[in-house]
Amino acid sequence: MAANASAENARISEALDAEEIKGAVEKEFLRLQASLDDDGAEWKSDLPGRQLLNKFARAAEIKIGKLKKMYMSKSVSHSTNPFQEVVEIFDEFAK
């Protein structure tokens, strides 16, 4: 048992090299940052929006449904409507 524990400890020590982890984290951060800076939609598959919104709602002690309604009512009246693309799509369907 002690030999197995020692072998596992050595394996983990090799796998968890601090410099390699730091490099991997920095590389991923830069990739996510570039994805957000780009006008594309790649970031949507990388960032768990639903989980982030739910976590925010819990931290703010607001029910998720109420938070969504608050967001939608504010965003529609904002000068840059985040739903404009969706509105235009439905306008095209109505023609």
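Residues numbered from 1 in each chain as written. Predicted model: local features only at pLDDT ≥ 70, side-chain atom pairs only at ≥ 80, totals over all residues. Heavy atoms only, no water.

(A) Focus on the overall build of the protein chain. Helix and strand counts for the protein chain stand at six helices and zero strands. Taken from the N to the C terminus, the helices and strands of the protein chain come in the order α-α-α-α-α-α. Taken against the 2.2 N^0.38 rule, which gives 12 Å for 95 residues, the C-alpha radius of gyration of the protein chain at 22 Å runs more than 25% over that of a compact globule. Its C-alpha atoms put the protein chain at 70 × 35 × 25 Å along the principal axes. (Helix = DSSP H or I, 4+ residues; strand = E, 2+ residues; numbered from the N terminus. Rg over C-alpha atoms; globule rule 2.2 N^0.38 Å.)

(B) Quick look at a negative patch on the surface. A cluster of acidic residues, Asp17, Glu19, Glu20 and Glu26, forms a negative patch on the protein surface. Assignment of secondary structure puts Glu26 in helix H2 (residues 18-37). (Patch = residues over 30% accessible without salt bridge, like charges linked within 9 Å, V, L, I, M, F, W, Y side chains within 5 Å. Areas by Shrake-Rupley, 256 points an atom, 1.4 Å probe, with all protein chains shown as cover. Salt bridge = Lys/Arg side-chain N within 4 Å of Asp/Glu carboxyl O. Lys, Arg positive; Asp, Glu negative; His and termini not counted. Charge placed at Lys NZ, Arg CZ, Asp CG, Glu CD.)

(C) The arrangement of a nonpolar patch on the surface in detail. On the surface, Ile12, Leu16, Ile21 and Val25 cluster together into a nonpolar patch covering about 340 Å² of accessible area. According to the relative accessible area criterion, Ile12 is partly exposed, its value standing at 35%. (Buried < 20%, exposed > 50% of the residue type's maximum accessible area, 1.4 Å probe, protein only.)

(D) Layout of the pattern of salt bridges. Applying the stated criterion across every chain yields a total of four salt bridges. A salt bridge links Arg11 to Glu8; the shortest N-O distance between them is 2.5 Å. Taken together, the residues span about one helical turn, with Arg11 and Glu8 both in helix H1 (residues 2-15) at a distance of three residues. For Arg31, the salt bridge is made with Glu28, and the minimal N-O distance between the two is 2.6 Å. Linking Arg31 with Glu28, this pair stays in helix H2, spanning three residues, or about one helical turn. Its relative accessible area of 31% is what places Arg31 among the partly exposed residues.

(E) Here's a closer look at the side chain of Ser35. Examined against the element boundaries, Ser35 turns out to sit in helix H2. Leave out the neighbours within four places in its chain, and Ser35 touches Glu42, Trp43 and Asp46. (Contact = heavy atoms within 4.5 Å.)

(F) Local environment of the packing of aromatic side chains. Applying the stated criterion across every chain yields a total of one aromatic pair. Pairing Phe90 with Phe93 gives two aromatic rings, centres 5.9 Å apart and planes at 85°, and the pair type is edge-to-face. Remark: Phe93 and Phe90 occur in helix H6 (residues 84-94); sequence separation between them is three residues, near one turn of the helix. Comparing Phe90 with Phe93 shows no difference in burial state: the two are exposed. (Phe/Tyr/Trp six-rings, centres within 6.5 Å; stacked < 30°, edge-to-face > 60°.)

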